[in-house]
Amino acid sequence: MLTAILVSPAAIIWGAIYLLADENVAASLPLSYTPLLIANIVAFKLLKRYEIFEFVQRAMILVLPLLLMIALGGFVSSSAVVIWSLVTPMGAIVNSTKRLSMFWFAMFVGVVIYGAMIDGSLDQANNLPDWARLTLFAGNILGPSSIAFFLLIYFVRQNDNAYELVEYERRRSEALLDNVLPSAIAARLKDGTESVADRFDEVSVLFADMVGSTTLAAQLSPEEMVGLLNEIFTEFDEITLRHGVEKISTSGDNYVVAAGVPEVRADHAGALVRVAMEMRDYLDKRGSEIGRGLTMRFGINSGPAVSVVGGSG
């Protein structure tokens, strides 16, 4: 719609010049553009059918310059006014589908070829003075070129926005993957590995389960309970990072950590014992601060394991 409106001032100026030159028939064509545009916009507002609005608008911008060229006596006599028809395929490239863009470009080519075929049979005399003919030549070059440039800027900006959105979503996906999986595993999945299955001969896994969570949940509101668990698990995350072990998952009031996977380490069991002791000390301290007992059962098991990341999602 903005592209259609941009053509309107030029159409009014062109019509005024033709009126001054006493070319009333030629003047009526560009001057009819603005009323037709307003009627098309009103119909669009009423019908809510963009495809109809678009087709009518592109057809007007395509055909009116051809009719004006014929009225003025051909390519040279009309100061190449038919070049305004180029706005139609240029606009279609930005706003329409590839198929419609090809259609409108083919129509533009057809208009130019038709104009060339009938040029010799037209009466090339008109009342335009030399200054007006020269001014219109410049305007017929600058007008469509300016609109085409505006459309290209709009297209490039939209293209840049699309790339920025894709990059933003890529970073979000990678951050989520890094948060869910160990960094080494996440890196392999980013490289295109569809499934990961690695065997480890010696690993240890720590399972922490809150004691009395049902009673605590009855005493707290759902928001307070979620906030408390989030606070506890956030501190647990920092503890696992300090000790170089891998957080595997959280589920409700459960917390699972592994050592010796994906990086092999000889002190896997000892590392998790130190993690459990630091978690216990934090719970004792935090429980005394809020006046509630916060206790967790910690279980550690060591042995061979297979880490698997697979499936379709």
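This one's a predicted model, so the numbers in the text were calculated from it and none came from an experiment.

Procedures and definitions
- Residues numbered from 1 in each chain as written.
- Predicted model: local features only at pLDDT ≥ 70, side-chain atom pairs only at ≥ 80, totals over all residues.
- Heavy atoms only, no water.
- Helix = DSSP H or I, 4+ residues; strand = E, 2+ residues; numbered from the N terminus.
- Rg over C-alpha atoms; globule rule 2.2 N^0.38 Å.
- Contact = heavy atoms within 4.5 Å.
- Lys, Arg positive; Asp, Glu negative; His and termini not counted.
- Charge placed at Lys NZ, Arg CZ, Asp CG, Glu CD.
- Phe/Tyr/Trp six-rings, centres within 6.5 Å; stacked < 30°, edge-to-face > 60°.
- Buried < 20%, exposed > 50% of the residue type's maximum accessible area, 1.4 Å probe, protein only.
- Patch = residues over 30% accessible without salt bridge, like charges linked within 9 Å, V, L, I, M, F, W, Y side chains within 5 Å.
- Areas by Shrake-Rupley, 256 points an atom, 1.4 Å probe, with all protein chains shown as cover.
- Salt bridge = Lys/Arg side-chain N within 4 Å of Asp/Glu carboxyl O.

Student: Quick question: what am I supposed to make of the overall build of the protein chain here?
Tutor: Of regular secondary structure, the protein chain possesses 11 helices and four strands. Taken against the 2.2 N^0.38 rule, which gives 20 Å for 313 residues, the C-alpha radius of gyration of the protein chain at 36 Å runs more than 25% over that of a compact globule. The dimensions of the protein chain, computed from C-alpha atoms along their principal axes, are 100 × 45 × 30 Å. Contacts spanning at least 24 positions in sequence make up 68% of the contacts within the protein chain whose residues lie at least 6 apart. Distance between charge centres in the protein chain, computed from 23 positive and 33 negative side chains, equals 3 Å.

Student: Could you clarify how one ought to interpret the packing of aromatic side chains in this entry?
Tutor: The way to describe two aromatic rings as a pair is by their centre distance and the angle between their planes. Here the structure, examined in full by the defined rule, presents 11 aromatic pairs. Ring centres of Y50 and F53 lie 6.2 Å apart, and the angle between their planes is 40°; this geometry places the pair in the tilted category. Note that Y50 and F53 are positioned in helix 4 (residues 50–72) at a spacing of three residues, about one turn of the helix. With a relative accessible area of 35%, Y50 lands in the partly exposed category. Judged by relative accessible area, which is 5%, F53 ranks as buried. Between F233 and Y255, the aromatic rings sit 5.3 Å apart at their centres with planes inclined by 35°, giving tilted as the arrangement. Note that F233 is positioned in helix 10 (residues 222–243) and Y255 in strand 3 (residues 254–259), a separation of 22 residues in sequence. What links up through ring pairs into an aromatic cluster is the set F233, F236, Y255 and Y282.

Student: Would you mind showing me how to read a nonpolar patch on the surface here?
Tutor: Nonpolar side chains collect at one region of the surface, where I38, V42, L46, L47, I52, F55, V56, L100, F103 and M107 lie side by side and expose about 890 Å² of accessible area between them. Of all the secondary structure elements, the ones that give two or more residues to the nonpolar patch are helix 3 (33–47), helix 4 and helix 6 (98–119). The dominant element in the nonpolar patch, judged by the number of residues it contributes, is helix 3, at four residues. Mapped onto the elements of the fold, L47 is located in helix 3. Taking the relative accessible area as the measure of exposure, L47 reaches 52% and is therefore exposed.

Student: Whenever I open this one, the environment of V261 confuses me. Can you help?
Tutor: When you line up the elements, V261 lands in the loop between strand 3 and helix 11 (268–290). Residue class for V261 comes out buried when judged on its relative accessible area of 15%. Those residues in contact with V261 that sit more than four places away from it in its chain are F200, V203, E246 and S307.

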